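Here is what each chain is made of, one letter per residue.
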Amino acid sequence: MYDDSAYGDASDGLLSLATRAAGLAGGPVTIEDDASELITYSPGQENSDDARIATILSRRVPDRYRVLLRTEHLDERLAGSSGPFYADLRGAGILPRAVMPIRAGDTAIGSIWAIVQSSPSPEQRAALEESAALLAPLLARQAERRLAADARRTAAVRALLRGGDEAVETARELPLGPGPLAVVAVRPLPSAPAPASGAYGGLCDGPYDGMCAGPGGPPGDPLRRALADLDRRFSAFQPGGLSAEVDGVGYAVVPVGDEQRLLRAVGELPGMAAGVGRTVPGPGRLGRSRADAELVVRLLTRLGATRERTAHIRDVQLDALLMRTVDLAVEAGHDPLGALAELEEYDRRRGTALLDSVDRYLAAGEDARLAARQLHVHPNTLRYRLRRAQEITGLDLSDPAAMFDIRLRLRLRALRLP
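Conventions adopted
Residues take numbers from 1 onward in each chain, read along the sequence in its written order. The predicted origin of the model limits local features to residues at a pLDDT of at least 70 and limits the giving and counting of side-chain atom pairs to 80 or more, whereas totals for whole chains, interfaces and linings rest on all residues. Each side-chain value is worked out from all heavy atoms of the structure, with water and hydrogens disregarded. Each helix is a run of H or I in the DSSP string that is no shorter than four residues. Each strand is a run of E no shorter than two, and both are numbered from the N terminus. Classification of residues uses two cut-offs on accessible area relative to the type maximum, computed with a 1.4 Å probe and protein chains only: under 20% is buried, over 50% is exposed, and between them is partly exposed. Strand pairing is assigned whenever DSSP identifies at least 2 bridges connecting the two strands. Fitted lines through C-alpha atoms serve as axes, helices being fitted only where they are in contact, and the angles separating the N-to-C directions of these axes extend from 0 to 180 degrees. Whether two residues are in contact is decided by their heavy atoms: any pair within 4.5 Å suffices. Helix span, as expected, comes to 1.5 Å for every residue beyond the first. Two N or O atoms form a polar contact when they lie within 3.5 Å of each other; inside protein one atom must be a possible hydrogen donor and the other a possible acceptor, and for residues adjacent in sequence the pair counts only when both atoms belong to side chains. Think of a 1 Å grid over just the protein atoms. A cavity is a set of points where a 1.4 Å probe fits yet cannot get out, a pocket is an open set with protein on both sides within 12 Å along at least five of seven lines, and lining residues have an atom within 4 Å of a point. Grid points are joined across faces, edges and corners, and a volume is the space filled by probe spheres set on the points. Under the grouping applied here, Gly and all other residues not named as nonpolar or charged are polar, the nonpolar ones being Ala, Val, Leu, Ile, Met, Phe, Trp, Tyr, Cys and Pro and the charged ones Asp, Glu, Lys and Arg. For classification purposes, angles smaller than 35 degrees are called roughly parallel, those larger than 145 roughly antiparallel, those between 65 and 115 roughly perpendicular, and all remaining angles oblique. The handedness criterion is simple: a crossing whose near helix is rotated anticlockwise from the far helix by less than a right angle is left-handed, and one whose near helix is rotated clockwise is right-handed.

Colleague: When you look at the overall build of the protein in this model, what are you seeing that I'm missing?
Modeller: Per the secondary structure count, the protein includes 15 helices and ten strands. The proportion of buried residues among the 418 residues of the protein is 50%.

As structure tokens, this is what we get:
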């Protein structure tokens, strides 16, 4: 039975534990939570390497090294181990590590990474196991506090997003910067990795402890990591924002001082679709900005990789309205494609490409020769396809009104794709 009473879970207590673990293990130590966020580290950079330095500077394991964890299966070893193991990473230009999982019961809550010269000796293994046992209750208490802070932050963001008097009242109790304000909505693109479970990170002072410092997140959870990244970026030029995951969508309520800088920060999130709502003068009108942001992120998620991953409502307003038109048509039992639906079904059954040929013809400015070159067919082949399309749909490609109808429905077709 280990006695952890000599070590508080404040930063100085954790630092003492890291220093002690480094002395026992015989090499510099970093201690991380299960989201690869840095908790603390032993002083001194002797016998260090770029991976350790980069982790300390960014307060988290950089993405390039997180990829290495997966390719070397270190994440799997951490999940399945109860004792220390040796990771020889010299082939990747990183000094070897002795890695010790930190567990609370059956739950992994963190890890110790000690730089060592070779596979740990029995004495080093025992030292790492002792250090993990001392750290486990401290990290568990931190995780509990962070979970509670995360719940308070989420409740506050929910209230802000509803707007009205409730948002105004909630804003008075928060470290929220003064208006003007905007809502950013964030969702993983379809190709992004699936979420995983784990502890949260990020604390700050004040009556809503933990709200202003970023939600951290479970390992591999792209949404919560994206919100943590946004918090870091926003705090560099426009502090006072607040973010949380609400019903599977990430939201950030942010003061707007430099809108272009805000859009650049949002646009740097890998694998994410991010929508920025209109700027409003204060928290009472945040409901409108939220509706905008949700509409934009739905549009970008639906389009996937076919356009930019980030947009402001004003830049995609027409497409957003068309998407709403698609939704309303589907709810009413109508096919948004109208007569083009027959052409789409004909292509599906016959293996032809009439609808795509019409689309390419219009995109080429009704230049049959240009469209034929782009389709890699003879112009007469394209003209035949266009005639067949007219016969099947009854649409006249020489009638301006019919052409407008076709263009509109082709755009609706793009917006209804997953």
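Colleague: Sorry, what's going on with the pairing of strand β1 (residues 29-33) here?
Modeller: Successive side chains on a regular strand alternate, one facing one side of the sheet and the next facing the other. With five of five residues buried, β1 is to be regarded as a mostly interior element. Judged by which residues are buried, β1 turns out to be covered on both faces: Val29, Ile31 and Asp33 on one side and Thr30 and Glu32 on the other are all buried. Pairing geometry for β1 and strand β5 (residues 107-115), over five bridges, is antiparallel. Pairing of Thr30 across the sheet is with Trp113, part of β5. Sheet analysis places β1 next to strand β2 (residues 38-41), joined by three bridges and oriented antiparallel. Its bridge partner being in β2, Thr30 is matched across the sheet by Tyr41.

Colleague: Even after reading the chapter, I still don't get the sheet that holds β1, so can you show me in this structure?
Modeller: Consider a sheet: its strands pair through backbone hydrogen bonds, and that pairing is either parallel or antiparallel. Sheet architecture is open: five strands sit in the order β2-β1-β5-β4-β3, paired in antiparallel fashion. The open sheet has two edge strands, β2 and β3 (85-87), and neither has a second partner. Neighbour-to-neighbour, the strand axes of the sheet open up by a mean angle of 25 degrees, direction not taken into account. Seen against the sheet, helix α5 (residues 122-162) touches β1, β2, β4 (97-104) and β5 and runs at an angle of roughly 50 degrees to β4.

Colleague: Before we go on, may I ask you to explain unusual backbone geometry in this structure?
Modeller: Most of the time, phi is negative for any residue but glycine, and the peptide bond is trans. For Arg59, which is not glycine, the phi dihedral falls at a positive 65 degrees. The backbone phi angle of Glu366 is positive, close to 60 degrees, even though this residue is not glycine. Among the structural elements, Glu366 can be located in the loop between α12 (354-363) and α13 (368-375). The class of Glu366 is partly exposed, set by a relative accessible area of 37%.

Colleague: Even after reading the chapter, I still don't get helix α15 (residues 400-415), so can you show me in this structure?
Modeller: An α-helix turns once per 3.6 residues; consequently, residues spaced three or four apart project the same way. Here α15 is 16 residues long and its end C-alpha atoms lie 23 Å apart, about the 22 Å a rise of 1.5 Å per residue gives. Check the buried side of α15 and you find it contacts α9 (286-303), α10 (317-331), α11 (340-350) and α12. The N-terminus of α15 is capped by Asp399, whose side-chain oxygen sits 3.2 Å from the backbone nitrogen of Ala401.

Colleague: Honestly, the pairing of β4 in this entry has me stumped. Any pointers?
Modeller: Here β4 lies mainly inside the structure; six of its eight residues are buried. Both β3 and β4 contribute to a ladder of three bridges, which runs antiparallel. Residue pairing in the sheet places Phe85 in a bridge with Val99 of β4. For β4 and β5, the ladder comprises eight bridges, and the chain directions are antiparallel. Within β5, the residue paired with Arg103 across the bridge is Ala108. In this structure, the hairpin formed by β4 and β5 is closed by a connection of two residues, where Gly105 is found at a positive phi of approximately 70 degrees.

Colleague: Looking at this model, I keep getting lost on empty space enclosed by the protein. Mind explaining?
Modeller: Empty space among the atoms can be located by rolling a probe the size of a water molecule over them. Inspection of the entire model under this criterion finds three cavities of 30 Å³ or more. Considered as a void within the structure, the largest cavity measures approximately 210 Å³ in volume. Forming the walls of the largest cavity are 16 residues, and the residues nearest its centre are Glu32, Ala51, Val61, Arg97 and Trp113. Elements that contribute at least two residues to the lining of the largest cavity include exactly β1, α2 (50-58), α3 (63-71) and β5. A breakdown of the residues in the lining of the largest cavity according to their chemical character gives eleven nonpolar, two polar and three charged.

Colleague: How should I be thinking about the packing of α11 against helix α14 (residues 379-393) in this particular structure?
Modeller: As a packed pair, α11 and α14 sit with axes 9 Å apart at the nearest point and diverge in direction by 120 degrees. Relative to α14, α11 is oriented oblique. Handedness of the crossing formed by α11 with α14: right-handed. When α11 is examined against α14, the residues Glu342, Leu343 and Tyr346 are found in contact with a partner set consisting of Arg388, Ala389, Ile392 and Thr393. Grouping the amino acids of the contact of α11 with α14 by side-chain chemistry returns four nonpolar, one polar and two charged.

Colleague: I tried to follow the sheet that holds strand β6 (residues 181-188) on my own but got confused; where do I start?
Modeller: Pairing within the open sheet is mixed, and its five strands lie in the order β7-β8-β6-β9-β10. Both edges of this open sheet fall to β7 (242-246) and β10 (310-312), since each of them pairs with a single strand only. Each strand axis lies, on average, 20 degrees off the axis of its neighbour in the sheet, ignoring direction. Relative to β10, strand β9 (residues 272-276) runs parallel, the two being bridged by three bridges. Each residue of the ladder has a partner; that of Val276, found in β10, is His312. This element, α5, spans β6, β7 and β8 (249-255) of the sheet and lies at about 95 degrees to β7. Sitting on the sheet, helix α7 (residues 222-237) is in contact with β6, β7, β8 and β9, with an inclination near 145 degrees to β6.

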